[in-house]
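Below are the chains, spelled out letter by letter.
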Amino acid sequence: MRRIIITLLLLIIPALSGCAVTGEVENQAYALVMGVDQTSAGGIDLTIRIPRIGHGDSGGEGAVGKGEPYLVLTASGDDYAQAMEHLQWAAARELNLSHLNLLIVSESLASGQDFPALIREIADTRHLYANAGFVVCEGRAGDFIEGQETLLGSHLSSDISAMFRHYAAHGFIPGATFADLYYATLSCYSDPTGIWGFPDSGEQAAAAIIDTDEAALNVQTKTASSRQYLGTALFRDGVCVGRLDGAETLCLNLLTRQVAAFGFEADGRAWALSSTLPPRVRARRDGEKMIIDVTVSLTGDDPGDPTAAEAAVERSITRVVERCKALRVEPFGFAAKAAAHFATLDDWLSYDWRARFPEADVRVKVHIAAAE
Amino acid sequence: MSESAAFASLIAALTSRLFYGLTLEAADAANAGWLAALLGLALSLPPVWLICRLRPPVRQALAAPLLIAMALDAACAVECAAYSESNLAFNHVAPAFLMLPLLAAILRCTWLGGDALGGAARIWIRLFAALMLIVMLYQLPYYNPGWLRPWLGAGGGGILRAGVRAAGWNVLLAGGAAGICKREIGFKRLLRALLVSTAVAAGLVALRQMMAPAFTSEPVTRFTRIDTLLTNGRAPLFLQLPMIVAWFGGMLHLMCFESVAACALTRRLLPKVRSGVCVAIGLLAVFAPALLNVPRADVTQRLSPYLYHALTATALTLWIVKGGGAPCAASS
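Residues numbered from 1 in each chain as written. Chains lettered and ligands numbered in written order. Predicted model: local features only at pLDDT ≥ 70, side-chain atom pairs only at ≥ 80, totals over all residues.

Asks: Which residues make up the overall build of chain A, and what values do they have?
Replies: In terms of helices and strands, chain A carries 13 helices and 15 strands. Within chain A, contacts between residues at least 6 apart in sequence are counted, and of these 71% link residues at least 24 apart. (Helix = DSSP H or I, 4+ residues; strand = E, 2+ residues; numbered from the N terminus. Contact = placed C-beta atoms within 7 Å.)

Asks: Break down the overall build of chain B for me, citing the residues and quoting the values.
Replies: Each helix and strand in chain B was counted, giving 12 helices and zero strands. Listed N to C, the secondary structure of chain B is α-α-α-α-α-α-α-α-α-α-α-α in terms of helices and strands. In terms of overall dimensions, chain B is globule-like: its C-alpha atoms have a radius of gyration of 19 Å, near the 20 Å expected for 332 residues. Each of the three principal axes of chain B carries a C-alpha extent, and together these read 55 × 40 × 35 Å. The long-range share in chain B, meaning contacts at least 24 apart out of those at least 6 apart in sequence, stands at 88%. (Rg over C-alpha atoms; globule rule 2.2 N^0.38 Å.)

Asks: Please provide a residue-by-residue account of the nonpolar core, values included.
Replies: A31 of chain A together with V78 and M255 of chain B are the most contacted members of the largest nonpolar core, which totals 221 residues. The contacts of M255 of chain B, once residues within four sequence positions are left out, are A74, A77, V78, A81, L102 and I106 of chain B. (Core = buried A, V, L, I, M, F, W, Y, C linked by C-beta atoms within 7 Å. Buried ≥ 20, exposed ≤ 12 C-beta atoms within 10 Å, placed from the backbone.)

Asks: With reference to specific residues and values, describe the interface of chain A and chain B.
Replies: Each partner contributes to the interface: chain A provides 31 residues, whereas chain B provides 34 residues. At the level of elements, α1 (2–16), α7 (178–186), α11 (334–338) and α12 (345–351) of chain A are the ones that each hand at least two residues to the side of chain A that touches chain B. Top contributing element to the side of chain A that touches chain B by residue count: α12 of chain A, with five residues.

Asks: Please give an account of the pairing of strand β12 (residues 269–275) of chain A that cites residues and values.
Replies: Residue and element names in this part refer to chain A. In this sheet, β12 lies alongside strand β11 (residues 262–266) in antiparallel orientation, the contact comprising five bridges. Its bridge partner being in β12, F262 is matched across the sheet by L273. Counted along the chain from β11 to the antiparallel partner β12, the turn is two residues long, and its residue D267 has a positive phi close to 55°. (Pairing = 2+ DSSP bridges.)

Asks: Describe helix α6 (residues 114–139) of chain B, and please don't skip the residues or the numbers.
Replies: Taking 1.5 Å per residue, 26 residues should reach 38 Å; α6 of chain B reaches 35 Å between its end C-alpha atoms and fits that length. Within the span of α6 of chain B, buried status applies to G114, L117, G118, A120, A121, W124, F128, L131 and V135 of chain B. (Expected span 1.5 Å × (residues − 1).)

Asks: So, the sheet that holds strand β8 (residues 193–199) of chain A: which residues are in play, and what are the values?
Replies: Residues and elements named next belong to chain A. Taken in spatial order, the eight strands line up as β4-β3-β2-β6-β7-β8-β9-β10 in an open sheet, and their pairing is mixed. Since the sheet does not close on itself, it has two edges, and those belong to β4 (70–77) and β10 (239–244), each with one partner. Pairs of neighbouring strands in the sheet enclose a mean axial angle of 30°, with direction left out of account. Where strand β3 (residues 44–51) and β4 come together, eight bridges link them in antiparallel fashion. By the bridge assignment, I44 is partnered in β4 with G77. (Axes fitted to C-alpha atoms, helices over the stretch in contact; angles between N-to-C directions.)

Asks: A description of the pairing of strand β13 (residues 280–286) of chain A should follow, citing residues and the corresponding values.
Replies: Residues and elements named next belong to chain A. Of the pairings in the sheet, the one linking β13 to strand β14 (residues 289–300) comprises seven bridges and is antiparallel in character. The partner of A283 across the bridge, within β14, is I292. In textbook terms, the turn of a hairpin is the stretch between consecutive antiparallel strands, and for β13 and β14 this stretch comprises two residues, one of which, G287, has a positive phi near 65°.

Asks: So what about unusual backbone geometry? Which residues, and what values?
Replies: The residue after R149 of chain B, namely P150 of chain B, is reached through a cis peptide bond having omega -10°. Relative to the assigned elements, P150 of chain B resides in the loop between α6 and α7 (156–180). Phi is positive for A92 of chain A, close to 65°, though the residue is something other than glycine. Tracing the sequence through the fold places A92 of chain A in the loop between α2 (80–91) and β5 (94–96). Given 11 C-beta atoms within a 10 Å radius, A92 of chain A is considered exposed. Its identity is not glycine, yet N293 of chain B carries a phi of approximately 60°, on the positive side. Note that N293 of chain B resides in the loop between α11 (275–291) and α12 (297–322).

Asks: Tell me about the confidence of the model for chain A, residues and numbers included.
Replies: All names here are of chain A. Summarising the model, chain A shows a mean pLDDT of 83, and 83% of its residues fall at 70 or more. pLDDT under 50 marks residues 57–65. Its contacts with residues more than four places away, or in other chains, come to eight contacts. A low-confidence stretch, residues 204–221 (pLDDT under 50), is modelled with 40 contacts involving residues beyond four sequence positions or located in other chains. (pLDDT = per-residue confidence, 0-100.)

Asks: Any chance you could break down the confidence of the model for chain B for me, citing the residues and the numbers?
Replies: All names here are of chain B. With 96% of its residues at a pLDDT of 70 or more, chain B has an overall mean of 88. Mean pLDDT per element in chain B: helix α3 (residues 56–59) is the minimum at 78, and helix α8 (residues 187–211) is the maximum at 95. Both scores are available for the predicted complex, with the pTM at 0.88 and the ipTM at 0.86.

Asks: Report on the environment of Y189 of chain A, specifying residues and quantitative values.
Replies: With respect to the element layout, Y189 of chain A can be found in the loop between α7 and β8. In this structure Y189 of chain A touches A184, A335, A336 and A339 of chain A together with G146, W147 and P213 of chain B, once residues within four positions along its chain are discounted.

Asks: Explain the packing of helix α4 (residues 63–88) of chain B against α7 of chain B to me, and be specific about the residues and the numbers.
Replies: Residues and elements named next belong to chain B. Running from N to C, α4 and α7 cross one another at 120°; their axes reach a closest spacing of 10 Å. Considering the relative orientation of α4 and α7, their crossing is left-handed. Seen from α4, the contacting residues are A63, L66, A69, M70 and D73; seen from α7, they are L172, G175, G176 and G179. Tallied by class, residues from the contact of α4 with α7 come to five nonpolar, three polar and one charged. (Left-handed = near helix turned anticlockwise from the far one by under 90°. Nonpolar A, V, L, I, M, F, W, Y, C, P; charged D, E, K, R; others polar.)

Asks: Explain the packing of helix α2 (residues 33–53) of chain B against α8 of chain B to me, and be specific about the residues and the numbers.
Replies: Residues and elements named next belong to chain B. At a minimum axis separation of 9 Å, α2 and α8 run at an interaxial angle of 165°. The angle between the axes of α2 and α8 places the two elements in the roughly antiparallel class. The handedness of the crossing between α2 and α8 is right-handed. When α2 is examined against α8, the residues G33, W34, A37, L38, G40, L41, S44, V48, W49 and C52 are found in contact with a partner set consisting of F187, L190, L194, T198, A201, A202, V205, A206 and Q209. (Parallel < 35°, antiparallel > 145°, perpendicular 65-115°, else oblique.)

Asks: How would you summarise the environment of M34 of chain A if you had to cite specific residues and measurements?
Replies: Looking at where M34 of chain A falls in the secondary structure, it is placed in strand β2 (residues 33–38). Apart from the residues within four sequence positions on either side, M34 of chain A is in contact with L46, I48, L97, L100 and L103 of chain A.

In structure tokens form, the structure reads like this:
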């Protein structure tokens with residue numbers, strides 16, 4: 001009798017928890033990429049790419065045959081919530097954002113004063129995967145998504161992950177996710193960043209890379225994809241206020257984390273460098289002024305004297321810091337170090353780091369050691 | 001329930017209570033939640049010592065307030081677990097239906113008895129450690145220790161408020177463990193359980209705060225808190241599985257421990273009533289408020305600061321009025 005009751009209880013549990021047909025994969029519309037635009041009337045356009053179920057080689061039940069493996073759906077609304085409602089209708093199945101890989105926002109929308117409120121609304125979307133890459137794109141996000149192709153027949157989700165891992169490791173883009181943007185916008189530490197995306201127009205990628213004299217990344221590229229990711233969108237108080245090009249993004253990445261490998265030209269010599277350790281950042285308080293000492297340790301392939309290269313990298317990094325100071329943006333992660341000099345969050349907020357960062361003295365030191 | 005089973009169950013349940021409380025209910029300390037856990041330990045030691053030193057007949061008088069608080073706290077845990085289920089996957093299901101499987105699990109656990117719960121807790125502690133090891137190893141590159149600064153977070157007032165709540169949960173669960181055991185449970189044993197639970201919970205709270213910074217620009221909703229806790233925005237998608245298993249496993253132990261304790265306390269309170277009836281009353285005390293949505297988040301947030309004061313005042317009053325002094329079995 002006891003066993004029967006226990007078995008019955010166990011059988012009832014799945015039914016009670018609401019597992020039903022609506023939870024089946026076939027009933028879900030898994031959005032892999034979502035784009036957000038502002039309409040001319042001030043409303044919101046949402047565009048998503050979802051995989052077509054049954055597409056591909058199996059040809060089994062539910063297959064839709066050859067053709068585009070992904071559907072692009074767009075919906076508009078007076079605001080984000082209404083656009084999402086309309087998108088639910090357009091998807092014709094349960095819209096599922098838990099596998100989102102990329103969130104793309106148009107530059108014009110990200111630069112608007114309403115964007116911080118939109119960040120919160122997006123973050124409150126049920127089951128949205130917040131660790132998705134965050135891209136600010138030139139032009140409309142919807143057009144950007146429609147032009148995105150996969151390479152070599154790979155899945156869009158793995159394609160995006162592989163591409164961003166590669167770009168981030170080489171310092172071409174910041175490691176920006178929507179979660180980082182959301183957390184940084186609502187907290188009191190450093191400012192968030194976004195990945196800068198643009199449609200391939202042939203010359204633009206190269207122009208972005210060779211923006212500075214020292215950069216040796218002046219490669220002329222012809223890529224398989226018509227959508228490019230290079231550079232950084234800078235945010236202040238949740239609003240996009242500027243961007244860094246490829247070379248500047250490399251300097252930003254050198255201050256925030258490790259960069260696997262990059263090329264640098266100094267004094268007529270090309271250096272192949274890599275950062276083996278994260279940069280060492282120390283913050284000191286001198287009265288009301290904060291002094292930030294940054295030491296970047298790099299490894300170079302050239303056994304020669306690295307003094308000129310060290311000075312060139314230092315100059316490049318300092319220039320990026322000054323540029324950010326001019327924009328009153330601090331995306332380097334210095335805030336978390338500086339906050340250690342304050343007892344409480346209230347004290348730290350009263351100090352107003354974002355306003356005081358332009359007065360901070362940032363001293364950059366670069367060491368290049370020859371590889372063994 | 002044997003002393004060792006109560007010890008293991010207390011560690012599993014209290015760790016969950018402190019973690020869930022300090023991250024979701026009592027976020028007053030902001031990024032200094034781990035300090036609040038340590039303060040909670042310090043504040044809870046005198047009342048727990050006092051409860052241990054009360055003579056058993058005198059301690060009987062503590063059973064009623066402990067039962068009420070325990071049943072309500074168990075109902076809170078059920079509500080929170082159901083809310084997290086809703087947040088994760090079942091937002092289209094009515095909360096009462098989400099509670100039913102949890103209540104069925106509690107029923108089953110109470111049926112099997114306290115020793116079974118203790119055995120499960122021993123296994124769970126090992127499994128939990130393994131799960132957290134996996135999560136921590138994969139999250140290592142994502143931890144940002146800078147988000148623990150400024151070290152005092154919301155300041156002395158915030159830490160004290162959160163610490164008092166943590167101390168209330170410590171006293172409640174330690175008092176419940178003392179009431180659950182067939183034999184006297186010693187202060188030293190309770191102290192060990194409190195130390196282990198607080199250390200683990202403080203560590204987990206600190207790790208969580210290194211994954212998501214304190215929000216300062218606007219009040220944080222419960223949805224945001226639970227969303228950032230369970231989906232943990234900055235972690236890879238595959239880590240959600242071990243994290244969710246750890247979360248629900250811990251919550252299940254908390255609910256079961258508090259429900260078994262509520263039944264045991266009912267039995268102490270009504271020694272002449274048949275044990276089956278006592279169990280039914282104890283479970284009803286947990287199920288009724290849970291299903292009637294009594295422990296709504298706003299209500300529990302308002303009441304939980306007084307838990308520590310109420311239990312400490314009761315223990316102190318009993319000590320003064322009826323006298324204590326009987327040494328605990330294990331500590332003598």
